[in-house]
Amino acid sequence: MSRLQNPPEIDSADTVFCTGVRWFAGPDQWVSEEPRILIRSAAVLVLLSAATLSIFAVQPPSPASFGVRIENTWIPMKDGIRLAATLYMPDGAKVSERFPALLEYHPYRKNDATASRDYGLYAYFARRGYVCARVDIRGFGSSEGVAPDREYSEQEQFDGLQILTWLAHQPWSNGNVGMMGISWSGFNSLQLAMRNPPELKAVLAVDATAQLFHDDVHYIDGMAHIDEFELSMDMAPGMTGAADYTLDERVLGPRFDAPPWSLLYLKYQHDGPFWRSPVRPLSEIKVPCFLIGGLLDGYRDSIPAMLEQTKAPIKAIIGPWNHTFPHDAVPGPQIEWRDQAVRWWDYWLKGRDTGVLQDPRLIIYMQHWHPPDPNLENVPGEWRREDGWPPKNLQNTTLFLQHNHTLADSRGESGFHQLRYIPSVGVESGFWWGELLGDPRPVDAFSLVYDSAPLKEEVAILGDPTALLQSSATAPLADWFVRLSDVSPDGTVTQITGAGLNGAQRESMSEPRDLQPGKTYALEITMHLTSWVFPKGHRIRLAISNALWPMMLPTPYSMTSSLELGGAKSSRLVLPVVPVQGASVPTFARPEPSEERKDIKSIGYPWPGEWTVERDESHQKATVRWKGKAETDYPWGKEIDYENLTYDADDSHPDLCSVRGEAESIFALKGRELRWRGHLSVTTDQKNFYYKYTRELLKDGQMVKQKTWQETIPRDHQ
């Protein structure tokens, strides 16, 4: 059977074919399944379509019918560079059998760093008749070449198109390729889908976004952000591939000398061509996309955007998870998603009708109240379906900020509230939007806080809460942050969601402009996607601040901000209220045990690690220290990874802040020990960022290579 990718809309003049549970409209050059029933009237289609599922059985997903065989190979690029690929193959297949390919493509070192994870993931699909290709991008891991000068480069995408063509033309291939992955590999899956290459028939992207400036980890909500990712990615280009970790200068030299990406990103401090060049409009995607996200993941906003803007078939699941796959997510509930992935791949890559087109477009977890707990194992709540976006029966409910620090449905008295800017406020609200937190009342104490009356009944929200503020500042640059929380009767506060706005980007993220001190601006701050049921008797809280450190680097001016209340332009909160009871969905299966490689053992993972906050009250300074560690035993040796970050803020001198970090990877190999190190320092004054990065390689304790990049970069509305 062959399928058309983009059939036109059916009208009354079209010829329609009934083909199993599939429907195609003419013209005659379309190829359909056999046998087919020719129906000349679209009216007959309307009469029959309701009975289709009962007449024609939906096919079950492919069973686990094969063993697993691993092959390592090279994929040649047109410029002579070879990319390293590991193929997870169905073992025991007949000579005549052909299989679709699933590609995951990123820089995270397939032969050591992700080897254990990859096997557990791709053995599942290989046993069900898929060839899974894990490919290192050029210049990383075992692939040849020099790393591109940035993430999601033109070179990365050009190579990706060649990989798709190579996979589609292998002797074992049926010609159909899917792309999948989490985070980076989810990002580039969407980016290549935007190019609509003929070999790419479907995508499965987990925790991914196409908004690089606003969403990615370098400028969250448009404000400068530095975290553990910079440490690992700045060191990674200088490392050679497992298991030989060659020190051959022809391989090592160009990699080691590749400039750190964090230096480049610090030069592009607002949106524009640099950030937009890797992506195209979501509306241009014609490739079917299965999207999985988490309400504790920083990239979750991309899923509603794709539901609204992408015309290709979309299926989405959003759980209460963090930046992980749903089968091993913390917090839970964990679910098995790979069975849903097989249904998806079977339909688009094998031509098996598994019923995925009858699935809800979106299944999302409605979170219920829970006390603040960074170690929560399972979020209470239930799954519900939505067949479009925005959600059905959504009603935007407005609450106005009152002079007595309450929220009410009337505008109230006119007035102003003022807030002195304290740069070190925010650590209790997390390192990015969405992680599980303790009680955020220490942040609330230095914020403007507005609480509703105790609720007379449960209130459910689903979507993007929005704060519409009338505000001014006494400085030419200020940031605003809003946080939505649930206040229980005993005073405990659970933060639900929030967002920030760089005041200079109030009108345009690509053309920032100074604030006029003292002038009141209308600021619209759309918070990140959430779901929540506020219990009866609880209060809804909106908290507003001008700092959220160390998530965002502080703005450099001492100042006071002012908030306008009451009157025609009263500041207000808009909540996306939905019925408490939504449409139910079938129960997800519990996760199946993942197969493990017995020759690799891992302990720990650097993130989320451990962190502490120290405050020097006499000098009005604060320090946050973070550290993480991981160990892995391989057949060829042992790897130990250390990372740490130190953030400093000075409340009396907002212009003086710093981020200092170190990463070290130690490889204890047969007859030698190699240590790759990276040292990052970013300090500020009112006008500049002062950047320094040093990359080092030691063999048996002796320095082999060292290189430093140091530069002064003007602050551009950050």
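Residues numbered from 1 in each chain as written. Predicted model: local features only at pLDDT ≥ 70, side-chain atom pairs only at ≥ 80, totals over all residues. Heavy atoms only, no water.

Here we come to the packing of helix α3 (residues 115-126) against helix α12 (residues 338-350). In a pair of packed helices, the angle between the axes and the distance between the axes together describe the arrangement. Viewed as axis vectors pointing N to C, α3 and α12 meet at an angle of 45 degrees, and their least axial separation amounts to 10 Å. Classified by the interaxial angle, the pair formed by α3 and α12 is oblique. α3 and α12 meet at a crossing whose hand is right-handed. Contacts between α3 and α12 pair Gly-120, Leu-121, Tyr-124 and Phe-125 from the former with Arg-338, Asp-339, Ala-341, Val-342 and Trp-345 from the latter. Looking at the contact of α3 with α12 residue by residue, the class counts come to six nonpolar, one polar and two charged. (Axes fitted to C-alpha atoms, helices over the stretch in contact; angles between N-to-C directions. Helix = DSSP H or I, 4+ residues; strand = E, 2+ residues; numbered from the N terminus. Parallel < 35°, antiparallel > 145°, perpendicular 65-115°, else oblique. Left-handed = near helix turned anticlockwise from the far one by under 90°. Contact = heavy atoms within 4.5 Å. Nonpolar A, V, L, I, M, F, W, Y, C, P; charged D, E, K, R; others polar.)

A separate point is the sheet that holds strand β5 (residues 82-91). Pairing between sheet strands relies on hydrogen bonds along the backbone, with the strands arranged either parallel or antiparallel. Spatially, ten strands are ordered β4-β5-β7-β6-β8-β9-β12-β13-β14-β15 in an open sheet, and the strand pairing comes out mixed. The sheet is open, and its two edges are formed by β4 (67-76) and β15 (381-386), each paired on a single side. With strand direction ignored, the average angle separating the axes of adjacent strands in the sheet is 20 degrees. Along the sheet, helix α5 (residues 184-193) makes contact with β6 (99-106), β8 (173-182), β9 (200-206) and β12 (289-294), crossing β8 at roughly 130 degrees. (Pairing = 2+ DSSP bridges.)

Glancing now at the nonpolar core. Judged by nonpolar contacts, the single largest core of 159 residues is most densely connected at Leu-469 and Ile-544. Those residues in contact with Leu-469, other than ones at most four positions away along the chain, are Leu-401, Trp-480, Val-482, Tyr-521, Ala-522, Leu-523, Ile-525, Ile-544, Leu-563 and Ser-571. Of all hydrophobic cores here, the second largest spans 41 residues; its members include Val-206, Leu-296, Trp-321 and Trp-348. (Core = buried A, V, L, I, M, F, W, Y, C linked by side-chain atoms within 4.5 Å. Buried < 20%, exposed > 50% of the residue type's maximum accessible area, 1.4 Å probe, protein only.)

Let us look at the confidence of the model for the protein chain. Summing up the model confidence of the protein chain, the mean pLDDT is 91 and the portion of residues at 70 or higher is 92%. A low-confidence stretch, residues 1-56 (pLDDT under 50), is modelled with 77 contacts involving residues beyond four sequence positions or located in other chains. (pLDDT = per-residue confidence, 0-100.)

Evaluated as defined, the whole model comprises 33 aromatic pairs. Taking the centre distance of 6.3 Å and the plane angle of 50 degrees together, the rings of Tyr-122 and Phe-125 count as tilted. Taken as a pair, Tyr-122 and Phe-125 lie in helix α3 at a separation of three residues, close to a single helical turn. A relative accessible area of 1% means that Tyr-122 is categorised as buried. Between the aromatic rings of Tyr-268 and Phe-274, the centroid separation amounts to 3.9 Å while the plane-to-plane angle is 5 degrees, which identifies the pairing as stacked. Counting every residue linked through ring pairs, the aromatic cluster contains Tyr-108, Phe-140, Tyr-152, Trp-184, Phe-187, Trp-261, Tyr-299 and Trp-432. One Lys or Arg, Arg-128, reaches over the ring of Tyr-124 and ends 3.7 Å from the middle of that ring. Over the aromatic face of Phe-290 sits the side chain of Lys-315, whose NZ or CZ is 5.2 Å from the ring centroid. (Phe/Tyr/Trp six-rings, centres within 6.5 Å; stacked < 30°, edge-to-face > 60°. Lys NZ or Arg CZ within 6 Å of the ring centre and 35° of its normal.)

Buried residues dominate strand β25 (residues 530-534), accounting for five of its five residues. Both faces of β25 are covered, namely the face carrying Thr-530, Trp-532 and Phe-534 and the face carrying Ser-531 and Val-533. Of the pairings in the sheet, the one linking strand β20 (residues 459-463) to β25 comprises five bridges and is antiparallel in character. By the bridge assignment, Leu-462 is partnered in β25 with Ser-531.

This part is about helix α4 (residues 154-168). Residues lying three or four places apart along an α-helix face the same way, a consequence of the helix completing one turn every 3.6 residues. For α4, spanning 15 residues, the distance from its first C-alpha to its last is 21 Å, which sits close to the expected 21 Å at 1.5 Å a residue. Restricting attention to buried positions, one finds in α4 the residues Glu-156, Gln-157, Asp-159, Gly-160, Gln-162, Ile-163, Leu-164, Trp-166, Leu-167 and Ala-168. (Expected span 1.5 Å × (residues − 1).)

Let's shift gears to the side chain of Ser-447. Tracing the sequence through the fold places Ser-447 in the loop between α13 (441-444) and β19 (448-452). When its relative accessible area of 11% is taken as the criterion, Ser-447 is described as buried. At 2.8 Å, the side chain of Ser-447 forms a polar contact with the backbone oxygen of Val-443. Within the structure, the side chain of Ser-447 is placed 3.5 Å from the side chain of Arg-483, a separation counted as a polar contact. The residues contacting Ser-447, other than those within four sequence positions of it, are Leu-419, Arg-483, Ala-543, Ile-544 and Ser-545. (Polar contact = N/O pair within 3.5 Å; in protein donor to acceptor, adjacent residues only side chain to side chain.)

Our next topic: the side chain of Asp-216. Note that Asp-216 resides in the loop between α6 (212-215) and β10 (219-220). Once residues lying within four places of it in the same chain are set aside, the contact partners of Asp-216 are Glu-151, Tyr-152, Phe-187, Gln-211 and Tyr-299.

Two faces make up the sheet, and in a regular strand the side chains alternate between them. The element strand β7 (residues 131-136) is largely enclosed, with a buried count of six among its six residues. Burial along β7 is two-sided: the residues Val-131, Ala-133 and Val-135 and Cys-132, Arg-134 and Asp-136 are all buried. Both β5 and β7 contribute to a ladder of four bridges, which runs antiparallel. The residue bridging Ala-85 from the neighbouring strand is Val-135, located in β7. Looking at chain direction, β6 and β7 are connected through six bridges and run parallel. Bridge pairing in β7 links His-106 to Asp-136. Considered for its hand, the β-α-β crossover made up of β6, α3 and β7 is right-handed. (Right-handed = clockwise from strand over helix to strand, strands pointing away.)

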